[in-house]
Amino acid sequence: MFEGKVALVTGSSRGIGREIALRLAREGADIIVNYFRRREAAEETARDIEKLGVKAAVIRANVGEPERLGEMFDAISERFGRLDIFVSNAASGLPRSGFDLDEKVWGWTMDINARAFLLGAQRAAKLMEGRGGKIVAISSLGSRLVWPGYTAIGVSKATLEALVRYLGVEMAPQDICVNGVAASFIPTEVGLSYAGSGQEGENAPWKTTPAGRMVSAEDVAGVVAFLCGDDSFMIRGQMIIVDGGFSLTPIGSLNG
Ligand SMILES: NC(=O)c1ccc[n+]([C@@H]2O[C@H](COP(=O)([O-])OP(=O)(O)OC[C@H]3O[C@@H](n4cnc5c(N)ncnc54)[C@H](OP(=O)(O)O)[C@@H]3O)[C@@H](O)[C@H]2O)c1
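Residues numbered from 1 in each chain as written. Predicted model: local features only at pLDDT ≥ 70, side-chain atom pairs only at ≥ 80, totals over all residues. Heavy atoms only, no water.

Asker: I'd like a rundown of the overall build of the protein, residues and numbers included.
Answerer: A count of helices and strands for the protein gives seven helices and seven strands. When the elements of the protein are put in sequence order from the N terminus, they spell out β-α-β-α-β-α-β-α-β-α-β-α-α-β. At 18 Å, the protein has a C-alpha radius of gyration in line with the 18 Å of a compact globule built from 256 residues. Principal axes of the C-alpha set define a box for the protein whose edges measure 55 × 40 × 40 Å. With 256 residues in all, the protein has 51% of them scored as buried. Relative to all contacts within the protein whose residues are 6 or more apart in sequence, the contacts with residues 24 or more apart total 75%. On the protein, roughly 12,200 Å² of surface is accessible, and the fraction owed to carbon and sulfur atoms is 52%. Distance from the positive charge centre (28 side chains) to the negative charge centre (31 side chains) of the protein: 1 Å. (Helix = DSSP H or I, 4+ residues; strand = E, 2+ residues; numbered from the N terminus. Rg over C-alpha atoms; globule rule 2.2 N^0.38 Å. Buried < 20%, exposed > 50% of the residue type's maximum accessible area, 1.4 Å probe, protein only. Contact = heavy atoms within 4.5 Å. Areas by Shrake-Rupley, 256 points an atom, 1.4 Å probe, with all protein chains shown as cover. Lys, Arg positive; Asp, Glu negative; His and termini not counted. Charge placed at Lys NZ, Arg CZ, Asp CG, Glu CD.)

And the structure:
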């Protein structure tokens, strides 16, 4: 489906971003693997992508720093001369309630989770000029639901989702489809760090969904691939919730 296309997936060294990168690669796209701290994981992802018969480039950049983000897009422009798919997946944050959320944690979280999407989409749009493209932002149910310690991330994801709506409309005339995917809990490194406090055990509410199992990174990757394909051309500025129906049920009722 994506032969000849070039895709950037931020934060694709591990977790959900890695699965998205592999899925797009399996369907023929050349992939730019972006990471921040774990070079080895990024290089392993790139090797796994190349085994699928497409090209992979690894670029280190803290997407929360506009200068580094800009350098990454400069490098993509030089090496590939185009971009067809931009998946804004990288995210960060620290567990804090609204009582002890200081401006440093607030700024760090908003810069990486929300501003990087705006600045990245602007640069991606330039590399998509004349051909159109697909932009997908990865969000979480915490943009609307309230979880302990998730305050800054939840607010950053709400901002991200508002941007999806605005850019979805503003970029539509250039044939750039902007949409997002909001997932429920997935047991990646960061997912487990938030599910921890007092919610362990077999009956933890996030361990099931009306669909009968937890959401996986592959589930998210499949929906991202759909949003990057031709069948979703008329979907603009929308968030697709991938949670097996979790957010529609009173939390815990499934286990009672
Ligand atoms: N896990 C969940 O339960 C869940 C649920 C809903 C939505 N999500 C969303 O899904 C996305 C991926 O989450 P995940 O669970 O896969 O996280 P993860 O396992 O912690 O992976 C995060 C990825 O982002 C990269 N990254 C972190 N900070 C970065 C920065 N400043 N610049 C560039 N890359 C950076 C990491 O690279 P390094 O390792 O090199 O630092 C890593 O590749 C996030 O947007 C998250 O909010 C997750």
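More follows now that the structure is in view.
Asker: Mind laying out unusual backbone geometry, listing which residues take part and the relevant values?
Answerer: Phi at D175 is positive, roughly 60°, even though this residue is not glycine. By the secondary structure assignment, D175 is in the loop between α5 (151–170) and β6 (176–183).

Asker: Please set out the nonpolar core residue by residue, giving values where relevant.
Answerer: Of all hydrophobic cores here, the largest spans 35 residues; its most connected members are I20, L24, I31, I49, V181, V220 and V224. When residues of this core are traced back to their parent elements, those giving at least two are β1 (6–9), α1 (15–26), β2 (30–35), α2 (39–50), β4 (85–88), β5 (133–140), β6 and α7 (217–227). For this core, the element with the most residues is α7, which contributes seven residues. Membership of the second largest hydrophobic core comes to 32 residues, among which are V6, A57, F80 and F86. (Core = buried A, V, L, I, M, F, W, Y, C linked by side-chain atoms within 4.5 Å.)

Asker: Let's hear about the site of the ligand: which residues, and what values?
Answerer: Contacts to the ligand come from 29 residues, most closely from S13, R14, N62, N89 and T188. In this structure, an oxygen atom belonging to the ligand sits 3.2 Å away from a main-chain N or O atom of G11. Between the ligand and T188, the relevant distance is 2.4 Å, taken from an oxygen atom to a side-chain nitrogen or oxygen of the residue. Relative to its unbound accessible surface of 900 Å², the ligand loses 94% to contact with the protein. Mapped onto the shell around the ligand, the elements with two or more residues apiece are α1, β2, β5 and α6 (189–195). For the shell around the ligand, the leading source of residues is β5, giving three residues. (Near = heavy atom within 4 Å. Polar contact = N/O pair within 3.5 Å; in protein donor to acceptor, adjacent residues only side chain to side chain.)

Asker: Tell me about the pattern of salt bridges, and please be specific about residues and values.
Answerer: Enumeration according to the criterion identifies 14 salt bridges in this entry. For R38, the salt bridge identified is with E189, shortest N-O distance 2.6 Å. Taken together, the positions of R38 in the loop between β2 and α2 and E189 in helix α6 put the pair 151 residues apart, joining distant regions of the chain. Residue classification places E189 among the partly exposed positions, given a relative accessible area of 47%. (Salt bridge = Lys/Arg side-chain N within 4 Å of Asp/Glu carboxyl O.)

Asker: Mind laying out the packing of α1 against α7, listing which residues take part and the relevant values?
Answerer: Contact geometry for α1 and α7: axes closest at 8 Å, N-to-C directions at 50°. On the basis of the axis angle, α1 is oblique to α7. For the element pair α1 and α7, the recorded crossing hand is right-handed. For the pair α1 and α7, contact is made by I16, E19, I20, R23 and L24 and by A217, E218, V220, A221, G222, V224 and A225, respectively. (Axes fitted to C-alpha atoms, helices over the stretch in contact; angles between N-to-C directions. Parallel < 35°, antiparallel > 145°, perpendicular 65-115°, else oblique. Left-handed = near helix turned anticlockwise from the far one by under 90°.)

Asker: Can you explain the pairing of β6? Please cite residues and give values.
Answerer: With eight of eight residues buried, β6 is to be regarded as a mostly interior element. Taking every second residue as pointing to the same face, both faces of β6 are buried, with I176, V178, G180 and A182 on one and C177, N179, V181 and A183 on the other. Both β5 and β6 contribute to a ladder of eight bridges, which runs parallel. Paired with S140 across the bridge in β6 is A183. Remark: the β5/α5/β6 crossover connection has right-handed handedness. Bridge count between β6 and strand β7 (residues 239–242): four bridges; the pairing is parallel. Directly across from G180, in β7, lies its bridge partner M239. (Pairing = 2+ DSSP bridges. Right-handed = clockwise from strand over helix to strand, strands pointing away.)

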